[in-house]
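# Tertiary structure, described
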Amino acid sequence: MAPAPSSTQTEELLRKCAKSVGAAQVLRGGDDQVATYCKDWTGRYAATPLAVVRPKTTQEVSEIVRLCRAHGVPVVPSSGRTGLCGGGMPIADHSSMVVSLERMNAVRDLDADGRSITVEAGVVLQTVQERARDSGLIFPLTFGAQGSAMIGGALSTNAGGSNVVKYGTTRELCIGIEAVMPDGSVINALTGLRKDNTGYDLKDLLIGAEGTLGIVTAAVFKLSPIPLTRTTGFLSLAALSDAPAVLNRLQDRTGGGVEAFEYMPRAAVDVICRAFPGIRQPLEVPAETGLFFEVASSRADDATQGDDGASHLQDMVFAVLEEMMEEGVILDAMIAQSEQQRLDLWTMRESVLEAITANGPAYHMDISLPLAAIAEFVATMDDAMANMGFQPLTVGHLGDGNLHYALSAGPGQDWKALPLERAKEEAFDLLLRLKGSFSAEHGIGQSKLDVMRKLKQESQLAAMRAIKAALDPEGLMNPGKLIPAEGGMVSPRQETTPKERTR
Ligand SMILES: Cc1cc2nc3c(=O)[nH]c(=O)nc-3n(C[C@H](O)[C@H](O)[C@H](O)COP(=O)(O)OP(=O)(O)OC[C@H]3O[C@@H](n4cnc5c(N)ncnc54)[C@H](O)[C@@H]3O)c2cc1C
């Protein structure tokens with residue numbers, strides 16, 4: 001990395017940036033507005049950048065990247081700052097330039113016949129959903145931060161969420177990309193072609209790169225038909241090991257209609273109900289092994305209602321639930337009887353991270369496992385962690401084999417006295433044995449560099465370093481994120497809640 005620029009060079013750089021994007025769009029260190037870009041949803045990262053620049057066009061992004069490169073200044077792309085791993089935060093010891101994409105917020109095109117939408121990187125996820133719905137289609141990417149997260153951030157973290165079981169992750173929805181590379185050149189691959197085998201897929205390289213290979217400026221996404229009917233509910237299972245059977249039977253009977261299949265055990269629902277008194281347990285007897293699900297169909301047949309007012313889809317779901325209750329797999333179930341009840345279930349699901357954060361300090365794991373291994377992981381971990389004094393708080397996109405497994409302090413325990421390092425070691429040993437991944441959908445950022453260094457296959461790390469060195473030889477594109485430095489120590493930051501810092 002080049003030495004930090006002198007103050008004269010800095011002034012020259014900022015003057016040129018101001019010429020490119022307008023003086024009002026260059027925020028300086030002393031500016032109150034800069035503080036906004038120095039904190040994210042987690043509240044765990046604190047560092048002040050050289051400045052924050054807010055370009056409006058791809059051309060301006062390219063000019064800023066070229067200017068920063070010429071001055072040896074690292075660039076940190078920033079979108080909605082809802083990332084959970086510190087990837088979009090300026091890092092200490094670097095006089096970096098935060099490039100915020102928020103002003104690149106145009107929907108460039110909506111092709112209803114081709115069922116695609118072209119949006120700039122600063123468009124908020126919820127806006128894309130709304131624009132698609134206005135055209136009688138859906139953009140299915142859905143998660144708790146959708147009101148703030150932006151397209152550039154969602155692509156760069158390859159965000160998942162609650163509908164992946166049906167529609168896939170952001171990567172699977174994206175069919176075109178525009179990006180500014182570390183040398184300032186612009187890759188324009190916004191054709192939206194469903195088939196294009198003309199060499200390496202640079203789109204796939206940029207997706208999930210967390211801003212380390214370039215700045216995404218726009219993208220094209222597939223849109224899907226709007227569901228005509230939905231059946232949403234909550235189940236109590238006798239055993240978590242039966243969850244794959246429930247999922248598969250629902251899929252088989254509804255033509256693969258499951259859109260969400262979420263693990264919500266009692267401990268997590270209790271924490272949500274405590275944090276948000278308006279939210280109530282969905283079942284009369286709280287489920288120890290709870291499952292929130294939604295099945296949907298775009299077929300007119302499935303939306304047809306019988307005399308009792310239930311849709312054909314609902315009848316199919318009822319039949320599965322009844323069968324599995326008789327088999328002793330499902331202990332209890334409720335189906336939302338109105339749109340409001342359905343939305344209440346979604347609100348409960350999407351409040352979980354805030355509820356766990358409000359509950360106190362916690363170490364969050366975002367892991368994935370083969371479906372068949374989930375029950376063993378949860379049973380082994382829950383026992384081991386309780387023995388160490390932790391209270392596990394778990395939810396997960398179970399249909400994708402993705403668990404958000406959080407460790408909080410057990411009753412009467414002092415968080416600081418708990419053996420967190422030993423707990424992490426046990427968890428990751430078990431995860432490796434069961435062939436899981438230590439980051440399912442949130443990425444690596446700064447917070448998981450230590451785990452990445454320890455657990456990622458050396459040959460894969462070497463390939464990533466080679467790609468990074470080839471595209472960004474000066475290492476100026478979001479340094480200190482995603483790829484652990486070779487040999488040197490990183491300073492692992494524990495994934496903890498903001499409250500922990502005050503204790
Ligand atoms: C309540 C809550 C619930 C969440 N639920 C989920 C969930 O279910 N599934 C899930 O996957 N995630 C979830 N997240 C995490 C987060 O919302 C996603 O990672 C989201 O995609 C981040 O988008 P952002 O715009 O906030 O990105 P930021 O936080 O601003 O940035 C994230 C990363 O992308 C890089 N980046 C940002 N913009 C660009 C760009 N234009 N070009 C290149 N790099 C860029 C940044 O440098 C950083 O490394 C949740 C977060 C919260 C707070």
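Note that the structure is a prediction, hence the values are computed from the model and not measured.

Reading guide: rules and limits
- Residues numbered from 1 in each chain as written.
- Predicted model: local features only at pLDDT ≥ 70, side-chain atom pairs only at ≥ 80, totals over all residues.
- Heavy atoms only, no water.
- Salt bridge = Lys/Arg side-chain N within 4 Å of Asp/Glu carboxyl O.
- Helix = DSSP H or I, 4+ residues; strand = E, 2+ residues; numbered from the N terminus.
- Buried < 20%, exposed > 50% of the residue type's maximum accessible area, 1.4 Å probe, protein only.
- Domains from an automatic or database assignment.
- Pairing = 2+ DSSP bridges.
- Axes fitted to C-alpha atoms, helices over the stretch in contact; angles between N-to-C directions.
- Parallel < 35°, antiparallel > 145°, perpendicular 65-115°, else oblique.
- Contact = heavy atoms within 4.5 Å.
- Nonpolar A, V, L, I, M, F, W, Y, C, P; charged D, E, K, R; others polar.

## Some remarks on the pattern of salt bridges
- The final tally for this structure, using the stated rule, is 26 salt bridges.
- The shortest N-O distance in the salt bridge between glutamate 294 and arginine 230 comes to 3.5 Å. Here glutamate 294 is found in strand 14 (residues 290–297), whereas its partner arginine 230 is found in strand 12 (residues 229–237), with 64 residues between them in sequence.
- Its relative accessible area of 2% is what places glutamate 294 among the buried residues.
- Between arginine 266 and glutamate 288 there is a salt bridge, with its nearest N and O atoms 3.3 Å apart.

## Topic: the domain arrangement of the chain
- Segmenting the chain into domains produces domain 1 (7–100), domain 2 (107–225), domain 3 (229–352) and domain 4 (360–442).
- Here the C-alpha centre of domain 3 lies 45 Å away from the C-alpha centre of domain 1.

## A few points about the sheet that holds strand 10 (residues 215–222)
- The strand order across the open sheet built from 5 strands is 5-6-10-8-9, with neighbouring strands paired in antiparallel fashion. With partners counted over all chains shown, the strands left at the sheet margins are strand 5 (107–111) and strand 9 (186–189), one partner each. Averaged over neighbouring strand pairs, the angle between their axes works out to 10° when direction is ignored.

## Considering the packing of helix 10 (residues 266–275) against helix 14 (residues 352–359)
- It is the contact of helix 10 with helix 14, at a shortest axis distance of 9 Å, that shows an interaxial angle of 80°. Compared by their axis directions, helix 10 and helix 14 come out roughly perpendicular. Between helix 10 and helix 14, the residues in contact are Ala268, Val271, Ile272, Arg274 and Ala275 and Val352, Ala355, Ile356 and Asn359, respectively.
- Tallied by class, the residues present in the contact of helix 10 with helix 14 amount to 7 nonpolar, 1 polar and 1 charged.

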